[in-house]
Amino acid sequence: GPKVSQIQDQLNAIAAVYSSIPTTNQDGTFTENTQHTVQAFQSLFGLPASGIIDYPTWYKIQDIYVAVTRIAELT
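Read on for an overview of the structure. Per chain, the residues get numbers from 1 upward, laid out in the order the sequence is written. In keeping with the predicted nature of the model, local features appear solely for residues at pLDDT of at least 70, side-chain atom pairs appear and are counted solely at 80 or more, and the whole-chain, interface and lining totals rest on all residues. Hydrogens and water molecules were not included; the side-chain quantities draw on all heavy atoms of the structure.

**Considering the side chain of Q62**
Secondary-structure assignment places Q62 in helix 3 (residues 55-74). Any pair of nitrogen or oxygen atoms within 3.5 Å is treated as a polar contact; in protein, a donor-acceptor pairing is required on top of that, and neighbouring residues in sequence qualify only through side-chain atoms on both sides. A polar contact of 2.9 Å, which involves the side chain of Q62, links it to the side chain of Q10. Residue contacts for Q62: discarding those within four places in its chain leaves I7 and Q10. Only DSSP runs of H or I covering at least 4 residues are called helices, and only runs of E covering at least 2 are called strands; the numbering of each starts at the N terminus. By definition in these notes, contact holds between two residues if any of their heavy atoms fall within 4.5 Å.

Listed below in structure tokens is the structure:
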């Protein structure tokens, strides 16, 4: 749904800066590809790599997304 699509968009923006995170399709469906992207994100940022977007993962995605999009605004 829309929340999954939002997370996919944010993960793709983060992946544009952190190349070890693969991109995922922004289709609003939590697919295996999205799960692998979440796991890569979690591994990179020191979270348990469950592939599940729990509260710590959600907050970290928001934090990193804001940081990378603000960097983009400065250029």
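On we go from here.
**Quick word on the packing of helix 1 (residues 2-15) against helix 2 (residues 32-44)**
Orientation of helix 1 relative to helix 2, taken along the N-to-C sense of each, is 50 degrees, at an axis distance of 11 Å. On the basis of the axis angle, helix 1 is oblique to helix 2. Our pair here, helix 1 against helix 2, has a crossing hand that is left-handed. Contact with helix 1, carried on its side by Q8, L11 and I14, involves T34, T37, V38 and F41 of helix 2 and no other residues of that element. Only Asp, Glu, Lys and Arg are considered charged, only Ala, Val, Leu, Ile, Met, Phe, Trp, Tyr, Cys and Pro nonpolar, and every remaining residue, Gly among them, polar. Among the residues forming the contact of helix 1 with helix 2, the class breakdown is four nonpolar, three polar and no charged. Axis definition: a line fitted to C-alpha atoms, limited for helices to the stretch in contact. Angles are taken between N-to-C directions and run from 0 to 180 degrees. Any angle that is under 35 degrees is reported as roughly parallel, and any over 145 degrees as roughly antiparallel; angles of 65 to 115 degrees are reported as roughly perpendicular and all others as oblique. It is the rotation of the near helix from the far one that decides the hand of a crossing: anticlockwise by less than a right angle makes it left-handed, clockwise makes it right-handed.

**Considering a nonpolar patch on the surface**
To count toward a patch, a residue needs a relative accessible area over 30% and no salt bridge; like charges are then connected within 9 Å, while nonpolar side chains (Val, Leu, Ile, Met, Phe, Trp, Tyr) are connected within 5 Å. Calculation of accessible area relied on Shrake-Rupley with a 1.4 Å probe; when residues are assessed, cover is drawn exclusively from the protein chains displayed. Just to be clear on terms, a salt bridge is a Lys or Arg side-chain nitrogen sitting within 4 Å of an Asp or Glu carboxyl oxygen. A contiguous nonpolar surface patch, about 250 Å² in accessible area, is contributed by V17, Y18 and L44. Residue position: V17 is located in the loop between helix 1 and helix 2.

**Observations regarding the side chain of T24**
Along the chain, the position of T24 falls in the loop between helix 1 and helix 2. Here's how the labels work: a residue is buried when its accessible area is under 20% of the maximum for its type, exposed when over 50%, partly exposed in between, all with a 1.4 Å probe on protein chains only. Take T24: its relative accessible area is 6%, and that puts it in the buried class. Polar side-chain contacts of T24 include one of 2.6 Å to the side chain of N33. Within the structure, the side chain of T24 is placed 2.9 Å from the side chain of T34, a separation counted as a polar contact. What T24 contacts, discounting residues up to four positions off in sequence, is Q8, N12, N33, T34 and T37.

**A few points about the nonpolar core**
Here, nonpolar core means buried Ala, Val, Leu, Ile, Met, Phe, Trp, Tyr and Cys residues that are tied together by side-chain atoms lying within 4.5 Å of each other. Of all hydrophobic cores here, the largest spans twelve residues; its members are I7, L11, I14, A15, I21, V38, F41, F45, L47, I61, I64 and V68. Only helix 1, helix 2 and helix 3 provide two or more residues apiece to this core. The leading source of residues in this core is helix 1, at four residues.

**Quick look at the environment of L44**
With respect to the element layout, L44 can be found in helix 2. Put simply, L44 and A16 are 28 residues apart on the chain and 14 Å apart in space, counted from C-alpha to C-alpha.

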